[in-house]
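# Reading the structure
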Amino acid sequence: MKIRRGEINLYVSDIPRAVRFYMEALGLRRIPDPMMGEPDGTWDKVGSGDLTLTFFRTVSTDRAAPRGSRPGLSADMIVDDFDAALTGLRAAGAKIEHERRAGKGGFAMFEDPDGNAWEIMTCDRPAEIRHLVLNASDLRMSREFYSKKLEQTLLEDAQAFFVFRSGGIRVSVFGGGKKLNLKKGPSPNLKLMLEVEDLDAAVKKLKRRKVKFLGEISEAPGFMRYICLADPDNNLLFLAQYSRDPLLPYPEKTNERGPLTRYARPGQRGKTDEASSR
């Protein structure tokens, strides 16, 4: 069984108050939810990075946390500026407890206006990919492809650019790109892998939306099943269904290796890209 990171649901007595608290105290922003539509007063959603909080209005006082209580399950927030986080929390009226310092960082606990308990801390971590920039030859076609056909969540939409979120990655799309010629071979050095839960079902749905695939479903044994497609500018994308967590090391009990891609031009069975799938 594979378990993915989910959202954190908070039951609160006053949704606008909760939204204001997390936005003003910690700098979270409202984010859209394509499945639930626009907030209707019974819920709202904020987030920052890979943290997403969904607020639901309580129908009884039993659902909100009693003031001063400590639930059996609490959650961590990891911030890059511990002092700024504490300053924002105190300005919003949060009660700070068990504050400990370690260099420029530290650890503390706080409660939101409904008594939900959090731990906040700093954690050193290396640089990581959080944001990709893509140039498209036709923004309208690109926006239709990513937001409608691939159902990626739009974060910003302007005349000169648009931004969507895919998992924990922000992708900004601007004009000024050139359409690639796939007949000259797989020239792009960067290929995007989009994870899906059910590859066969995803392929069927996208084919109904007239998305063209390059070749058939291939497999890297013990790691993933995948298939190649191209966006309107012929940037290569892959839909991948992983059989294990792609962010964990390969099990040491086997040294089996497989190719990253088996890129196939239309009408061909495919040829192997020598890069490793690991």
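Below you will find a few notes about this structure. (Residues numbered from 1 in each chain as written. Predicted model: local features only at pLDDT ≥ 70, side-chain atom pairs only at ≥ 80, totals over all residues. Heavy atoms only, no water.)

Read across the open sheet, the 4 strands follow the order β5-β8-β7-β6; overall the sheet is mixed. Because the sheet does not close on itself, it has two edges, and the strands there are β5 (75-79) and β6 (96-102). Ignoring strand direction, the axes of neighbouring strands in this sheet form an average angle of 15°. With 5 bridges connecting them, strand β7 (residues 105-111) and strand β8 (residues 117-122) associate as antiparallel partners. Looking at β8, one finds that Met 109 is bridged to Glu 119. Here helix α1 (residues 15-26) sits on the sheet and contacts β5, β7 and β8; the angle it forms with β7, its principal contact strand, is near 160°. The sheet strands contacting helix α2 (residues 82-91) are β5, β6, β7 and β8, and the helix crosses β6 at an angle near 165°. (Pairing = 2+ DSSP bridges. Helix = DSSP H or I, 4+ residues; strand = E, 2+ residues; numbered from the N terminus. Axes fitted to C-alpha atoms, helices over the stretch in contact; angles between N-to-C directions. Contact = heavy atoms within 4.5 Å.)

Attention now moves to the packing of aromatic side chains. Taken as a whole and judged by the stated rule, the model has 11 aromatic pairs. With 5.4 Å between their ring centres and 35° between their planes, Tyr 22 and Phe 55 make a pair best called tilted. In this pair, Tyr 22 sits in helix α1 while Phe 55 sits in strand β4 (residues 51-57), placing the two residues 33 residues apart along the sequence. You'll find Tyr 22 and Phe 55 in the same group, each marked buried. (Phe/Tyr/Trp six-rings, centres within 6.5 Å; stacked < 30°, edge-to-face > 60°. Buried < 20%, exposed > 50% of the residue type's maximum accessible area, 1.4 Å probe, protein only.)

Below, the discussion takes up helix α4 (residues 199-208). Of all the positions in α4, only Leu 199, Ala 202, Val 203 and Leu 206 are classed as buried. Within α4, the buried residues cover an arc of 100° as seen down the axis, which keeps them to one side. Exposed and oriented more than 90 degrees from the buried face of α4 are Lys 204 and Arg 208. As for α4, its buried residues are in contact with α3 (139-149), β14 (213-220), β15 (224-230) and β16 (236-242). Between the side-chain oxygen of the N-cap and the backbone nitrogen of Asp 200 there are 3.3 Å, and the N-cap of α4 in question is Asp 198. Among the residues trailing α4, Lys 210 stands out with phi positive, at a value near 70°. (Arc of directions from axis to C-beta. Polar contact = N/O pair within 3.5 Å; in protein donor to acceptor, adjacent residues only side chain to side chain.)

Nonpolar side chains tend toward joint burial in soluble globular proteins. Core analysis: the biggest nonpolar cluster contains 26 residues, and Tyr 22, Leu 26, Leu 53, Phe 55, Leu 89, Phe 110 and Ile 120 have the highest contact counts within it. Mapped onto this core, the elements with two or more residues apiece are β1 (8-12), α1, β4, β5, α2, β7 and β8. Ranked by the residues each element gives to this core, the list is headed by α1, at 7 residues. Among residues more than four places away in sequence, those in contact with Leu 53 are Ile 8, Leu 10, Tyr 22, Leu 28, Asp 44, Lys 45, Val 46, Met 77 and Trp 118. (Core = buried A, V, L, I, M, F, W, Y, C linked by side-chain atoms within 4.5 Å.)

Relative to β15, β14 runs antiparallel, the two being bridged by 5 bridges. The residue bridging Ser 218 from the neighbouring strand is Tyr 226, located in β15. The antiparallel hairpin formed by β14 and β15 contains 3 residues in its connecting segment, where Gly 222 sits at a positive phi of about 80°.

This paragraph deals with the sheet that holds β4. Pairing is mixed across the open sheet formed by 4 strands, whose spatial order is β1-β4-β3-β2. Whereas interior strands pair on both sides, the edge strands pair on one side only; in this sheet they are β1 and β2 (29-30). As paired elements, β1 and β4 share 5 bridges and run parallel to each other. Bridging across to β4, Ile 8 finds its partner in Leu 53.

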